[in-house]
Amino acid sequence: MLLGIEIGLDRPQIAEHLRVLSDIFLRLIKVIVAPLIFGTLVTGIAGHSNLRSVGRIGLKSLIYFEIVTTLALLIGLAAINISRAGEGLAMAATGTAAPLQSTAPLRWDDFLLHIFPENIAKSVAENQILQVSVFAIIFGIALARLSETKRAPLLRLCESLTDTMFSFTNLVMYFAPVGVGAAMAYTVGHMGIRVLLPLSKLLLTGYAALIGLLLLVFLPITQIARLPLKRFLRAVAEPATIAFATSTSEAALPRAMEQMEAYGVPRRIVAFVIPAGYSFNMDGSALYLSLASIFVAQAAGIHLSWSEQLFMVFALMLTSKGVAGVPRAVLVVLLATAATFHLPTEPIFIILGIDALMDMARTSVNVIGNCLACAVVARWEGEEMTTNPA
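Caption draft 1: Geometry of the overall build of the protein. Along its length, the protein carries 18 helices and zero strands. Split into buried and exposed, the 390 residues of the protein put 56% on the buried side. In the protein, the share of contacts with a sequence separation of at least 24, taken over all contacts with a separation of at least 6, comes to 85%. Summed over its atoms, the accessible surface of the protein is roughly 17000 Å², and 66% of this surface lies on carbon and sulfur atoms.

The following block contains the structure:
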């Protein structure tokens, strides 16, 4: 990023030709979107959410996940509308990205019809990621209803697809420094050093919003569920620290499960809630996605009404699932959201300049949120949350 800024300031003519490198990175990311979201949603539902076998624990967990994730999305939405961090960027929308407000108002029945795919290949080709998500959810539920013998081969295929796409993402991320540096060089060469001020505002907004999520949502939940707060903070301290250092939720998963058992959550609840939460309860990532999506619109000078922003929150509620496991994998969902809502992609590359700093914080919040979900479901099941009897 720093090298890109330097080239943009000192050699703007060279920076002009570096955009092709950032465009290559963008294409490599876009090709990941549909198979990754399909694989993660199907394995998340068919692999963990067979409600016939897990019964009320699965239902309670999914209800909790959706409520808290939606609150996180709304907090991110409120934070970016208050700070308006993207307005100082003033990047013009690309010619291929039609401003959302120029289209005809979308009626509720049109919207409802639009989220259901008529041809999955067409949905993938047109980057209709919301339709891909709906297809994957229904596909996962249908797969979960099959017998174990019939479900296992296809589930293994979807799990292999997911692991392959995670590996694909890791390979593409090796090219990320080149893509980010080229994007920064091109942008600074065109706009000058003033582009960095909105970036700092976005970083501060993101951290303030994540702290707000902890204080306004997580803390009241611990009080409502009557959880021993000091013991809970001690239990989540190490997993959250691991997540902060590695920027990867999966790195903290084994320790999180151990700590929740030690906290007093029965193993049968830990074994379901935490793995399922890694696909369905990414609160920090959800908050960041709503915040970053509106930042992109503000940077492009596109005004989104509250109804359009809530529409975006609903889409993110579905497409934000399954972004665990790979550092900065939310970039995939952010690019998919930009395509769905006809937003330009240039501001996303600017966001990548601070994404590593944001990723540490949001990943820690993801881990804390999953541990909290585990404890809340245990309390909901009538557990006393005493120290692990083992």
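There's plenty left to go through after this.
Caption draft 2: Quick look at the packing of aromatic side chains. Tallied over the entire structure, the rule returns five aromatic pairs. Summarising the aromatic geometry, the rings of Y64 and F65 are spaced 6.5 Å apart at their centres and angled 70 degrees between planes, so their arrangement reads as edge-to-face. In this structure Y64 comes out as buried when scored by relative accessible area, which is 8%. Taking 5.9 Å as the distance between ring centres and 70 degrees as the angle between the ring planes, the aromatic pair formed by F232 and Y263 counts as edge-to-face. In this pair, F232 sits in helix α12 (residues 229-246) while Y263 sits in helix α13 (residues 249-263), placing the two residues 31 residues apart along the sequence. Clustering of aromatic rings is evident, with ring pairs tying together F38, F135 and F139. Just above the ring of Y288 sits the side chain of R362; from NZ or CZ to the centre is 4.1 Å.

Caption draft 3: A look at the nonpolar core. Residues F25, I29, M260 and V273 are the most contacted members of the largest nonpolar core, which totals 113 residues. Looking at this core element by element, the count peaks at 19 residues for helix α18 (residues 346-380). Sequence-distant contacts of F25, defined by excluding residues within four places in its chain, comprise V172, M173, F175, A176, G179, L331, F349 and L352.

Caption draft 4: Representation of helix α15 (residues 283-299) in the model. Taking 1.5 Å as the rise per residue, α15 with 17 residues should run 24 Å; its terminal C-alpha atoms sit 24 Å apart, in good agreement. Among the 17 residues in α15, 17 count as buried, and that is most of the element. G301 sits one or two positions beyond α15 and adopts a positive phi of about 75 degrees.

Caption draft 5: A look at the side chain of D283. Residue position: D283 is located in helix α15. With near-sequence residues (within four places) excluded, D283 lies in contact with V68, T69, A72, L213, F218, N366 and G369.

Caption draft 6: Just a nonpolar patch on the surface, in detail. A surface patch of nonpolar side chains, about 620 Å² in accessible area, is lined by L59, I63, I67, L71, L74, L310 and W380. Ranked by residue count, the leading element in the nonpolar patch is helix α5 (residues 51-83), at five residues. Looking at the secondary structure, you find L59 in helix α5.

Caption draft 7: View of the packing of helix α3 (residues 19-30) against helix α9 (residues 148-173). Between α3 and α9, whose axes approach to 10 Å, the crossing angle comes to 175 degrees. Comparing their axes, α9 and α3 come out roughly antiparallel. Between α3, through F25, L28 and I29, and α9, the contact on the second element is made entirely by F168, V172 and M173. Here the residues of the contact of α3 with α9 are counted per class, giving six nonpolar, no polar and no charged.

Caption draft 8: Structural detail: α9. Taking 1.5 Å per residue as the helical rise, α9 with its 26 residues ought to reach 38 Å, and the 36 Å between its terminal C-alpha atoms agrees with that figure. Listed in full, the buried residues belonging to α9 are R151, A152, L155, C158, T162, M165, F166, T169, V172 and M173.

Caption draft 9: Up close: the pattern of salt bridges. Per the stated rule, a full pass over the model turns up six salt bridges. Its salt-bridge partner being K122, residue E118 comes within 3.2 Å of it at the nearest N-O pair. Judged by its relative accessible area of 71%, E118 is exposed. Judged by relative accessible area, which is 38%, K122 ranks as partly exposed.

Caption draft 10: The arrangement of unusual backbone geometry in detail. One non-glycine residue, R84, adopts positive backbone phi at about 50 degrees. Looking at the element boundaries, R84 is found in the loop between α5 and α6 (108-114).

Caption draft 11: Seen up close, the confidence of the model for the protein. Mean pLDDT over the protein works out to 79, with 82% of the residues at or above the 70 mark. Mean pLDDT values for the elements of the protein range from 66 in α6 up to 90 in helix α11 (residues 196-224). Between residues 92-106, whose pLDDT stays under 50, and residues either more than four places distant or in other chains, the model counts 20 contacts.

Caption draft 12: Representation of the environment of T241 within the structure. Among the secondary structure elements, T241 is positioned in helix α12. According to the relative accessible area criterion, T241 is exposed, its value standing at 52%. Along the primary structure T241 and S364 are separated by 123 residues, whereas in three dimensions their C-alpha atoms are 7.0 Å apart.

Caption draft 13: Fine view of the environment of R268. Considering the arrangement of structural elements, one finds R268 in helix α14 (residues 267-280). Distance from R268 to A378, taken between C-alpha atoms, is 9.7 Å for residues 110 residues apart in sequence. In this structure, R268 is in contact with I57, E381 and E383, ignoring residues within four places of it in sequence.

Caption draft 14: How the structure looks around the state of the cysteines. Taken as a whole, this structure holds zero disulfides when the rule is applied. Of all cysteine sulfurs, the one in C374 lies closest to C371, which takes part in no disulfide; the gap is 7.2 Å.

The rules behind each value
Residues numbered from 1 in each chain as written. Predicted model: local features only at pLDDT ≥ 70, side-chain atom pairs only at ≥ 80, totals over all residues. Heavy atoms only, no water. Helix = DSSP H or I, 4+ residues; strand = E, 2+ residues; numbered from the N terminus. Buried < 20%, exposed > 50% of the residue type's maximum accessible area, 1.4 Å probe, protein only. Contact = heavy atoms within 4.5 Å. Areas by Shrake-Rupley, 256 points an atom, 1.4 Å probe, with all protein chains shown as cover. Phe/Tyr/Trp six-rings, centres within 6.5 Å; stacked < 30°, edge-to-face > 60°. Lys NZ or Arg CZ within 6 Å of the ring centre and 35° of its normal. Core = buried A, V, L, I, M, F, W, Y, C linked by side-chain atoms within 4.5 Å. Expected span 1.5 Å × (residues − 1). Patch = residues over 30% accessible without salt bridge, like charges linked within 9 Å, V, L, I, M, F, W, Y side chains within 5 Å. Salt bridge = Lys/Arg side-chain N within 4 Å of Asp/Glu carboxyl O. Axes fitted to C-alpha atoms, helices over the stretch in contact; angles between N-to-C directions. Parallel < 35°, antiparallel > 145°, perpendicular 65-115°, else oblique. Nonpolar A, V, L, I, M, F, W, Y, C, P; charged D, E, K, R; others polar. pLDDT = per-residue confidence, 0-100. Disulfide = S-S within 2.5 Å.

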